[in-house]
Structure formats: structure tokens, C-alpha cells
Amino acid sequence: MSRLAWASLVVVLAAVGLGVYWNYDGYDPESLRGATVVITGCSTGIGEEMAYQYARLGAKILITARRENRLKEVVAKAKSLGAQEAHYVAGDMGKAEDCERTIQTAKEKFGRLDYLVLNHVGSSFKSIKQKFLEGKSWDEDPDVDYFVDFLNINLVSYVRLASLALPLLKESKGHLVVVSSVSGKFPQNKLTYYSCAKFGLDGFFSSLRVELMKAQQDVSVTLAVLDLIATPAVIDIFQTVPDGEKTLKGAAPVDETAKAIIRGGATRAREIYYPFHVWPITKLISLLPQLSEYYDLAK
Ligand SMILES: NC(=O)c1ccc[n+]([C@@H]2O[C@H](COP(=O)([O-])OP(=O)(O)OC[C@H]3O[C@@H](n4cnc5c(N)ncnc54)[C@H](OP(=O)(O)O)[C@@H]3O)[C@@H](O)[C@H]2O)c1
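Residues numbered from 1 in each chain as written. Predicted model: local features only at pLDDT ≥ 70, side-chain atom pairs only at ≥ 80, totals over all residues.

**Let's talk about the overall build of the protein**
- Each helix and strand counted, the protein has 11 helices and 7 strands in total.
- Against the 2.2 N^0.38 benchmark of 19 Å for 299 residues, the protein shows a C-alpha radius of gyration of 20 Å, consistent with a compact globule.
- Viewed in the frame of its principal axes, the protein has a C-alpha envelope of about 70 × 50 × 40 Å.
- Across the 299 residues that make up the protein, the buried fraction comes to 38%.
- Looking at the protein alone, contacts between residues at least 24 apart form 72% of all its contacts between residues at least 6 apart. (Helix = DSSP H or I, 4+ residues; strand = E, 2+ residues; numbered from the N terminus. Rg over C-alpha atoms; globule rule 2.2 N^0.38 Å. Buried ≥ 20, exposed ≤ 12 C-beta atoms within 10 Å, placed from the backbone. Contact = placed C-beta atoms within 7 Å.)

Laid out in C-alpha cells, this is it:
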């Protein structure tokens, strides 16, 4: 065999080896049959899709968001797809009492909790969509009231829900799944408030993971680091911004994203990166932070 042929063989074998290494995580979809799952932010987008994927796997789900009419529709579809049980709590996760009601309802309906999937994103008086469309920097619009409200919904409520659920998760040796973003791994133009919430989630939940481990509590904490995903809201926004169609072509499909998050939670992964290109980009930017100035989602 020529040197070229040997070299090609080595490259192919190395690629196969790497592929097996990255893909073998012991995932058993059957482990989700009958599992009890609370998912937040399920009236649309990634949360809605996760509800359907968990349903297909035969889980018992309890979903939340503010829009009750949408939650009823999602519950009906989840049941038709195979959910062993499907319930909803309509509520605002920015309110402590609605967070309490969510976890209390899970306790009453299921008697145990295997998964808490924290996914919702929003703010009560200024939507993230407006921010994308207006494209204002913090310096042009330093709205501290909005910032406080945004952090309450997108950071504090995650901590509150997790704290309420931890006693149940400790009993079941369960799984805590936190949906984050590349904006929580490196800074991005015109996303100060969003980046702050997502960096905060990484800081809190990565520390919590260490604390639980030191206390020998078998509750896994999975952080899902996502790039742009083609949810209905993202499609709406980018259809109206210049060059948006081009950006949308690079957005990952919502069903594959939901599956990747569910798999990461089930295999107790510390972090998952979706789509995969986010992983090398994030690692490279942590070595060379100035590169983040070239990776700009919200131009
Ligand atoms: N889509 C992306 O490109 C992308 C990229 C990176 C990371 N992510 C992350 O992925 C997660 C899901 O994003 P998504 O794009 O699927 O979002 P989305 O389509 O905007 O859906 C957000 C969900 O959160 C709910 N929600 C908003 N405010 C709420 C509140 N105050 N209380 C309770 N529920 C509330 C919404 O329902 P109601 O309006 O009915 O309350 C909705 O169900 C988020 O954590 C997001 O940061 C998304």
C-alpha cells in the first residue's frame, strides 16, 4: 500500500474513532418511558417541541407558560403522541406564587419528579423581539427597570424553580436541565441583558452542580448551550430584518434541538452544545476572547 493510502486509512480510522467517542453516551430512550417531567415555556418554540418529544418517548409531562389556550392545545397533541400523562399550569414564572404552584402541582399529579427542564424566556413589559428589531445597544437605551424584570424572569425564576424542585429531584436522583445560549458563553453585540441572564445561569447552575456533587447528591445538572434555532418566533423576527433570510438558513431545526437537549438531560451530560459547531467556537473564543467581536447574531 502506498504512503498516501496508509495516510488516508489513518485519517478515516481516526475520524470513525472520534465519531464513536462523541456519539457514545449510553443514551437509552426507554429510560424516559413513565419518567415525570416538568418543562417551562411550552406554549411555543423549543419548549413546545420538547413536550412532543418527551410525549413520543412515553413520559409523563407537566408544562407551563402564560397562554392557557396554547397549553391546552399542546397537552392535547402530547397525549395523542403518546404521553402517559400530560398536564399544564398556566402562570407567569416571574411570580413566585406561580413557580410554587408549578412544582406543587407536579408533586400532586406525579408524586415524584425525575426531570425539571428550565426553558422559558421572556419579559413582561418589553419583548426580546422588540429588542432584536430595534437593535439598540445598552448605551442607547439603558432601561434598568426592563433589565431587572428581564433578570427576574430569565434568571431568578430558574433559580427559584430549581430550589423548589430540588427536594423532589434528590429523592428521585433526578435531572435538572437548563436551556442556555452561546450568549451565556461569550459576549455579543446588543444582547447585554440576555447575555447577563445566560452567563448568570451558567455561574449559578455550574456552581450548584459542584455543590451537589460535593454533598454526594445524585442530581445531574445539564446546561444546553444553543446557537440560533428556527423557532416560530425566530422565523418571524428574521423574516423582517435585513439579510434575515440568510441568517435563517443557518438556524438549526427545532425538533433536532429538542431531541439533543432531552438526550443530554437523560445521559446526565454536564453541557451539550447544539448545533455542534458551537462547541469549537465557544472553546476557541474562551482562548481568544477578541474573536467574539466577529461572531455577531444581532447586527
Ligand atoms: N430560539 C433560539 O434561537 C434560541 C437560541 C439560543 C437559546 N435559546 C433558548 O432556548 C429557550 C427557548 O427559547 P425559544 O426560542 O423556544 O423561546 P420562545 O419561542 O420565545 O418561547 C418562549 C416560551 O417562554 C414562555 N414565557 C415567556 N415569558 C414567560 C413568563 N413570564 N412566564 C412563563 N412563561 C413565559 C412563552 O410562553 P407565553 O408567552 O405563553 O408565556 C413561550 O412558551 C430559551 O431559554 C432561549 O433563551 C433559544
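**Digging into the environment of Val-221**
- In this structure, Val-221 sits in strand 6 (residues 220-226).
- For Val-221 and Ala-269, which are 48 residues apart along the polypeptide, the C-alpha to C-alpha distance reads 7.6 Å.

**Looking at the environment of Ile-281**
- Along the chain, Ile-281 turns up in helix 11 (residues 278-287).
- Separated by 251 residues in sequence, Ile-281 and Glu-30 have C-alpha atoms that sit 33 Å apart.

**Topic: the packing of helix 2 (residues 45-56) against helix 3 (residues 68-81)**
- Put simply, helix 2 and helix 3 touch, their axes get as near as 8 Å, and they point 25° apart. As far as their axial angle goes, helix 3 and helix 2 are roughly parallel. Note on packing geometry: the crossing formed by helix 2 with helix 3 is right-handed. On the side of helix 2, the interface is formed by Glu-48, Ala-51, Tyr-52, Ala-55 and Arg-56, while helix 3 contributes Val-74, Lys-77, Ala-78 and Leu-81.
- Each residue belonging to the contact of helix 2 with helix 3 can be placed in one class, and the counts come to 6 nonpolar, no polar and 3 charged. (Axes fitted to C-alpha atoms, helices over the stretch in contact; angles between N-to-C directions. Parallel < 35°, antiparallel > 145°, perpendicular 65-115°, else oblique. Left-handed = near helix turned anticlockwise from the far one by under 90°. Nonpolar A, V, L, I, M, F, W, Y, C, P; charged D, E, K, R; others polar.)

**With respect to the site of the ligand**
- Of all residues adjacent to the ligand, which total 27 residues, the nearest are Gly-41, Gly-45, Arg-66, Arg-67 and Gly-122.
- When residues of the shell around the ligand are traced back to their parent elements, those giving at least two are helix 2, strand 5 (175-181) and helix 8 (232-240).
- Per-element tally for the shell around the ligand: the top contributor is helix 2, with 3 residues.
- Of the residues that constitute the shell around the ligand, the class distribution is 12 nonpolar, 11 polar and 4 charged. (Near = placed C-beta within 6 Å.)

**Considerations on helix 6 (residues 144-172)**
- In a regular helix each residue adds 1.5 Å, so 29 residues correspond to 42 Å; helix 6 covers 40 Å between its end C-alpha atoms and thus fits that length.
- Within helix 6, the axis deviates most sharply at Leu-166, by approximately 50°, and proline Pro-167 lies no more than four positions further along.
- Every buried residue of helix 6 is listed here: Phe-150, Asn-154, Ser-157, Tyr-158, Arg-160, Leu-161, Ala-162, Ala-165, Leu-168 and Leu-169.
- If you follow the buried residues of helix 6, they end up packed against strand 1 (36-40), helix 4 (96-110), strand 4 (115-118), strand 5 and helix 7 (192-214). (Expected span 1.5 Å × (residues − 1). Bend = angle between axes of the 7 residues up to and from the residue.)

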